[in-house]
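Residue-level listing of the chains:
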Amino acid sequence: MWKKAKISDSSAAGQGGLEILPPKRQGIKRRSKVPGVMITQYVEELPEGKTTPDFTRKPIALTIQEGKLAIFKAKVIGDPAPTVTWRRAKGEMNDPQKFQIKYDPAIKEHTLEIPKVSGDEADTYKCYASNEYGKAVCTVVLNIIEAVADDPKEFRKKLRRSAGKKEEKKEGDIDEAVWDLLLSSDKKDYERICAEYGITNFRGMLKKLVEMKKEREEEQAEFIQHISNLKPIEVKSEDAATFEMELELKDPNSRIFLYKDGVMIPFSKDADLEMKHCLKQVGKKYVFTVKNLSPDDAGIYQVDIEGVNIFSTDFKIPPVDFALKIKEVKAQEREDALFECVLTQPINEIIWTLKNTPLTNNEKYEITSSEDKLVHRLKIVDCMPVDAGIYAALAGIKSCSAWLIVEDPGVHFSAGLEDCKAIVGEAAELVCKLSKADCEGVWSKDGNEITASTEGMTMTKDGAVHKLNIDKVTEEFAGNYRFEADGRKTECVIVVEDPPRLDSKDVEEFAKPVVIKHNHKATFKMPYIGREPCKVQWYKDGEELTSDTNCKIEISEGESCLLLNKLQRKDNGEIKIKIKNEFGTVEALSYLVVLAYPGQPSVPKVVSAIKDCINLTWTPPANTGGTNILGYNLEKRKKGSSLWGLVNPPEEPIKTKKYAVKDVIEGMEYEFRVSAINISGAGEPSTPSEYVFARDPKKPPGKVKDLKVTDSNYTNLSLSWTKPKEEPGVQDEAKGYFVDVRPAENTEWDRCNTNAIIMTTYTVKGMKSMGMYWVRVIAVNAGGEGEAQELDNYVLAMPPPVRPRFTDAKIKSFMVVRAGNSARFNINFEASPWPDVIWLKDGIPVSKRATISNAEGGSQILIPSAERSDSGIYTIIIKNVVGQETFSIEIRVTDEPKPPGPVELDENVPGTVTVSWEPSPDEKRDDRLHYMVTKRDSSKRTWNTVGDCIFNNRFTVCNIMPGREYHFRVYSKNDIGLSAHSESPKWLITCKKEKITLAMPESKTCSLERPPKFMVPLKIHSAPQGYECYMSCAVRGNPTPYVTWYRDNVSLNTNTNYHITNTCGVCSMLILRVGPKDTGEYKIIAENPLGRAECSTILTVRE
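Residues numbered from 1 in each chain as written. Predicted model: local features only at pLDDT ≥ 70, side-chain atom pairs only at ≥ 80, totals over all residues. Heavy atoms only, no water.

## Examining the overall build of the chain
And then number 1: Looking only at helices and strands, the chain features five helices and 88 strands.
And then number 2: Across its three principal directions, the C-alpha atoms of the chain cover 195 × 125 × 55 Å.
And then number 3: Within the chain, the proportion of its 1103 residues that are buried is 40%.
And then number 4: Pairs at least 24 apart in sequence give 62% of the contacts found in the chain among residues at least 6 apart.
And then number 5: Carbon together with sulfur atoms contributes 49% to the accessible area of the chain, which is approximately 63800 Å² in total.
And then number 6: Taken as two groups, the 155 positive and 162 negative side-chain charges of the chain have centres that lie 8 Å from each other. (Helix = DSSP H or I, 4+ residues; strand = E, 2+ residues; numbered from the N terminus. Buried < 20%, exposed > 50% of the residue type's maximum accessible area, 1.4 Å probe, protein only. Contact = heavy atoms within 4.5 Å. Areas by Shrake-Rupley, 256 points an atom, 1.4 Å probe, with all protein chains shown as cover. Lys, Arg positive; Asp, Glu negative; His and termini not counted. Charge placed at Lys NZ, Arg CZ, Asp CG, Glu CD.)

## Overview of the pairing of strand β71 (residues 884–894)
And then number 1: With five bridges joining them, strand β64 (residues 814–818) and β71 adopt parallel strand pairing. When the bridges of β71 are listed, Met 815 appears paired with Ile 891.
And then number 2: Direction of pairing for strand β70 (residues 872–879) relative to β71: antiparallel, over a ladder of eight bridges. If you follow Ile 876 over to β71, its bridge partner there is Phe 887.
And then number 3: Between the end of β70 and the start of β71, which pair antiparallel, lie four residues. (Pairing = 2+ DSSP bridges.)

## With respect to the sheet that holds strand β36 (residues 479–485)
And then number 1: Within the open sheet, the five strands sit side by side as β30-β37-β36-β32-β33. Their pairing is mixed. Edge positions in the open sheet fall to β30 (420–423) and β33 (448–449), since each of these has one partner strand only.
And then number 2: Here β30 runs beside strand β37 (residues 488–497); their pairing, made up of four bridges, is parallel. Bridge pairing links Cys 420 to Ile 494 in β37.

## Thoughts on the pattern of salt bridges
And then number 1: Per the stated rule, a full pass over the model turns up 52 salt bridges.
And then number 2: Of the charged contacts, one joins Glu 248 and Lys 284 as a salt bridge, the two residues approaching to 3.4 Å between their closest N and O atoms. Here Glu 248, found in strand β13 (residues 240–249), pairs with Lys 284, found in the loop between β16 (277–282) and β17 (285–291); they are 36 residues apart in sequence, far enough to count as distant.
And then number 3: For Glu 248, a relative accessible area of 30% gives the class partly exposed.
And then number 4: One salt bridge connects Lys 1077 with Asp 1078, and the closest N-O pair in it is separated by 3.4 Å.
And then number 5: Asp 1078 gets classed as buried once you look at its relative accessible area, which sits at 1%.
And then number 6: Via salt bridges that share partners, Glu 890, Arg 892, Asp 926, Asp 927, Arg 928 and Asp 975 belong to a single interconnected network. (Salt bridge = Lys/Arg side-chain N within 4 Å of Asp/Glu carboxyl O.)

## Here we look at the nonpolar core
Across soluble globular proteins, you tend to see nonpolar side chains buried next to one another.
And then number 1: By size, the foremost hydrophobic cluster in this structure holds 28 residues, and its most contacted members are Phe 243, Met 245, Leu 247, Ile 256, Tyr 286, Phe 288 and Phe 315.
And then number 2: Among the elements of the structure, β12 (224–237), β13, β14 (256–260), β17, β18 (299–305) and β19 (308–315) are those that each provide at least two residues to this core.
And then number 3: The element best represented in this core is β13, accounting for five residues.
And then number 4: For Phe 315, the contacting residues outside a window of four places in its chain are Ile 233, Val 235, Ala 241, Leu 293, Asp 297, Ala 298, Gly 299, Tyr 301 and Ile 397.
And then number 5: Counting 26 residues, the second largest nonpolar core, distinct from the first, contains Ala 74, Leu 112, Ala 122 and Val 140. (Core = buried A, V, L, I, M, F, W, Y, C linked by side-chain atoms within 4.5 Å.)

## With respect to the side chain of Arg 936
And then number 1: Relative to the elements of secondary structure, Arg 936 occurs in strand β74 (residues 930–937).
And then number 2: No salt bridge is formed by the buried Arg 936, whose closest oppositely charged neighbour, Glu 983, lies at an N-O distance of 5.5 Å.
And then number 3: The residues touching Arg 936, leaving out its near neighbours within four places in the chain, are Arg 941, Thr 942, Trp 943, Glu 965, Tyr 966 and His 967.

## A look at the environment of Leu 796
And then number 1: Tracing the chain through its elements places Leu 796 in strand β62 (residues 795–796).
And then number 2: Given the relative accessible area of 32%, Leu 796 is considered partly exposed.
And then number 3: Residues Leu 796 and Ser 769 lie 27 residues apart in sequence; the distance between their C-alpha atoms is 8.2 Å.
And then number 4: Sequence-distant contacts of Leu 796, defined by excluding residues within four places in its chain, comprise Met 770, Gly 771 and Met 772.

## Overview of the pairing of strand β46 (residues 605–610)
The two faces of the sheet receive side chains in turn, since in a regular strand these alternate between them.
And then number 1: Inspection of the sheet shows β46 paired to strand β47 (residues 613–617) by five bridges, in the antiparallel sense. Bridging across to β47, Ser 608 finds its partner in Asn 615.
And then number 2: Once β46 ends, the chain turns through two residues before running back antiparallel as β47.

## What to know about the state of the cysteines
And then number 1: As enumerated under the stated definition, the model contains zero disulfides in all.
And then number 2: Distance from the sulfur of Cys 561, which forms no disulfide, to the nearest cysteine sulfur (Cys 551) is 10 Å. (Disulfide = S-S within 2.5 Å.)

## Quick look at a nonpolar patch on the surface
And then number 1: Residues Met 770, Met 772, Tyr 794 and Leu 796 make up a contiguous nonpolar surface patch of roughly 340 Å² in combined accessible area.
And then number 2: Summarising the element assignment, Tyr 794 is placed in the loop between β61 (789–790) and β62. (Patch = residues over 30% accessible without salt bridge, like charges linked within 9 Å, V, L, I, M, F, W, Y side chains within 5 Å.)

## Description of the sheet that holds β47
And then number 1: With respect to topology, three strands assemble into an open sheet ordered β46-β47-β50, the strand pairing being antiparallel. On the outer flanks of this sheet lie β46 and β50 (658–661), each paired with one strand and no other. Each neighbouring strand pair of the sheet contributes to a mean axis angle of 15°, computed without reference to strand direction. (Axes fitted to C-alpha atoms, helices over the stretch in contact; angles between N-to-C directions.)

## Some points on the confidence of the model for the chain
Caution applies to low-pLDDT regions: their predicted coordinates should not be interpreted in detail.
And then number 1: Mean pLDDT over the chain works out to 85, with 94% of the residues at or above the 70 mark.
And then number 2: Counting contacts from residues 148–169, a segment whose pLDDT is below 50, to residues more than four positions away or on other chains yields 23 contacts. (pLDDT = per-residue confidence, 0-100.)

## Describing the packing of aromatic side chains
Both the distance between ring centres and the angle between the ring planes are used here to describe each pair of aromatic rings.
And then number 1: The final tally for this structure, using the stated rule, is 21 aromatic pairs.
And then number 2: Relative to Phe 311, the ring of Phe 243 lies with its centre 5.9 Å away and its plane at 40°, an arrangement referred to as tilted. Separated by 68 residues along the polypeptide, Phe 243 in strand β13 and Phe 311 in strand β19 bring together distant segments of the chain. Of the two residues, Phe 243 and Phe 311, both sit in the buried class.
And then number 3: Ring geometry for Trp 721 against Tyr 737: centres 5.5 Å apart, planes inclined by 65°, an arrangement best described as edge-to-face. Of the two residues, Trp 721 sits in strand β55 (residues 717–722) while Tyr 737 sits in strand β56 (residues 736–743), which places them 16 residues apart along the sequence. No difference in accessibility class separates Trp 721 from Tyr 737, as the two residues are buried.
And then number 4: Taking the ring centre of Phe 693 as reference, the NZ or CZ of Arg 695 above it sits at 3.9 Å. (Phe/Tyr/Trp six-rings, centres within 6.5 Å; stacked < 30°, edge-to-face > 60°. Lys NZ or Arg CZ within 6 Å of the ring centre and 35° of its normal.)

Here it is as structure tokens:
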């Protein structure tokens, strides 16, 4: 018997398996995209990149015979990788020999294998996939068909009874196999399937079916490009049933599996093999066949591609047989024949076949049945001999067959007349054949008998074959024709047509190419016959021609003409005429060849020249104009003239490709050109040749003189030379020069200029930088090339050597950079060849913190984020083969100084104050750090600097007045600037008043008069040119002395170029713009009645 598993509640007590089940945890439940899979998510939000488990392929239900191997397969995904466990609804899975759990890491497939299954293993199995973020579970059923040892007929009855029982399901549940059926069925079959399997919620079924179809299409899309024309299983012949589909696979090597009731069954791809199931593929069409049908073949057939269900069909075999089978039927020709059978059970329709071909209800065959659907009939209307054969009736898998014999009642037509189309002017023939040769017949046309005297027609008889021949068809022969014999007749219709037709000779003549000259005209003519109106069209290279200036189409009765004018070479092509009327179309082809003028020959080449003959040669043109070249015209022209003269006689073209011109004058210079001649005429003349003298050959020139290099760089080299001397009879005058170079590693010379140059200078370009080259110059003239003159030594491709030197006008030798900022120093130089550039810091190579950038004519050092440790002396060395040059710059990296520490005051000497302070924290890190001291007393509100550039931590301030209050501030200073100040406590010395006794001296008569005397002399001055110069001195005297300025003993007091002042004894002179003329000795003389004083200095003007 067939044991089916009952689906039990997954939470029932006592369930277990080989593996420890995941602990039951609360979570968020949701359905997978795979039908029948439930997912539980343990956390509200999944971490990035993590996923809950899910099935990509779930196990499928199995119905398998007892003793066979049952295999459930599953594929899962998830991150972290899930753990897979199995369990069953009833019973344990502790026997590892009975329940074998396996995993194939190559294809990532989990399997549960149950060898030699028995009825005890029929159960509901669950597969769990779990990780730390959730679990996924799906249910699968294993049904077992128990082996029965009694009568096979009794077993089939039990099987049918068990198959008819419905599986216990919860209300609204639909078996998975039924869903597969619905997914593969047409909409018109939904209602029948629902009624058959007890589905009442039709609307809910449709809604879920739409979702499942979408999911199924997504699964199928992985393997299938296209699927269509699904045809359910049907009995097609007496012993075979087929189902088919049109399928396009993405991978032709994909595996195809066939299942029946969940059990995989083997099949053959060769229909000739004696296997029960076979697959036949024709292109995209797949046809599955079940042969040797029996009741056991009923069931659900399923086709899978790589584990994905593609098509399911339910094969139902009704329990029916024939109570009365069809019998042999004999019918006279043109009579009706009837087959009839009676069934044991009513069936709506049965299948009728003729020679294994199914028959349908139509005008020829009438298929009917009785009201109780037990009696079924097939009626063959108007039997003909071709209807004879074996007819079969198929009901379920039962069948019966019988012969239909069509008898001949007498003479009949083995072959009747056939309608024909006859062409006017051509012959026509009507033929029919009787079943007997000794029977005569009568021909008629439109009801009128045709006799031997009927004009244009001939009747013949050859045994059973009767013919009617028409010698030459005209319009009068159209009509209905009949042949009658022994009461039987056959008819046909002759339709007379008159399509356009061309004579074969005209077509042959038309096909010959029409060859014409350039700018001439061509004519094409074609006569034709056919019923008017006829439409005539002319084409050239497939494009229809219309009448215009250069194209004219003429159509007269029975003829058409095409005239083409002013044809060019480009008009070559295919010419086609197309004639059309209501009966047909005819075409003819020809070809147009336009012979154009030939192209230009090559430039005539002078082979040799003497005083009375010049020999020339040339090559023919590439374009001959479509025909052979007949000859050439050669022309000459004197230098300075604009007229060309023909060398050869006009009526005698030159047949060869060379010619000796003897009509020349000695000493004259000529140029030549040549033109080709074909059947169209002379073409364009060639490019003129070079000028050539009619004189005896010249001597080659001598060597050039004074060859030297005038300039060079890394890619170019400039040369100059002197023209060689002319020596009559030895060497003639040079007319041009060639320059050759040869790299030192090569043995062959390369010519720099293709054509000779006439100048005595040349620049060779494209040389390899620092390459070593040999150079030579060759003078040429009409006598050929002279002897080459080479440079004495090889030449390097480089600029002239230059000792390295720095080109900046003013270069800083000291740079201060704030810590954290970038330090950048650029310096420009020139040198040739390109020098090696080396940067040093304090005598050693700079560290990787510094970025060195070298470009043409300059170098840069860059420290992106400078630190105090980057301070130092940076030296650049540029060196090449000529020499080297160095330059050093001190780069000091520092920051705003920190203020000094607390300030203290002390009086060591009366009238002074010693200011001392704690050193700034930066003193140890900055050797250029120093201090500045300022003071403010109570009598003033401003701060005055009393000490600067102090490199120790104390300073003595003098002139401290008692009774005044003093304040002091100390600043740190470096190359960046001042720090914040540190302020001292106030300083105050009280004033002690003493009694003063004043002794007045005796007054004496005092005279204030005195001679002049310079209190402050003139200083020596050195001023830049263009700048101002200021000279000053101080003189005293009473009475006030008179002051005079001199330059080189010349008085300057009245010179307006000098601004001279004298204020309270301070004498000054200003020179606004100093020039070379102001250089010299300057003297100032002060005089009064009591005496005279003088002072002098020297002024030097710098450029």
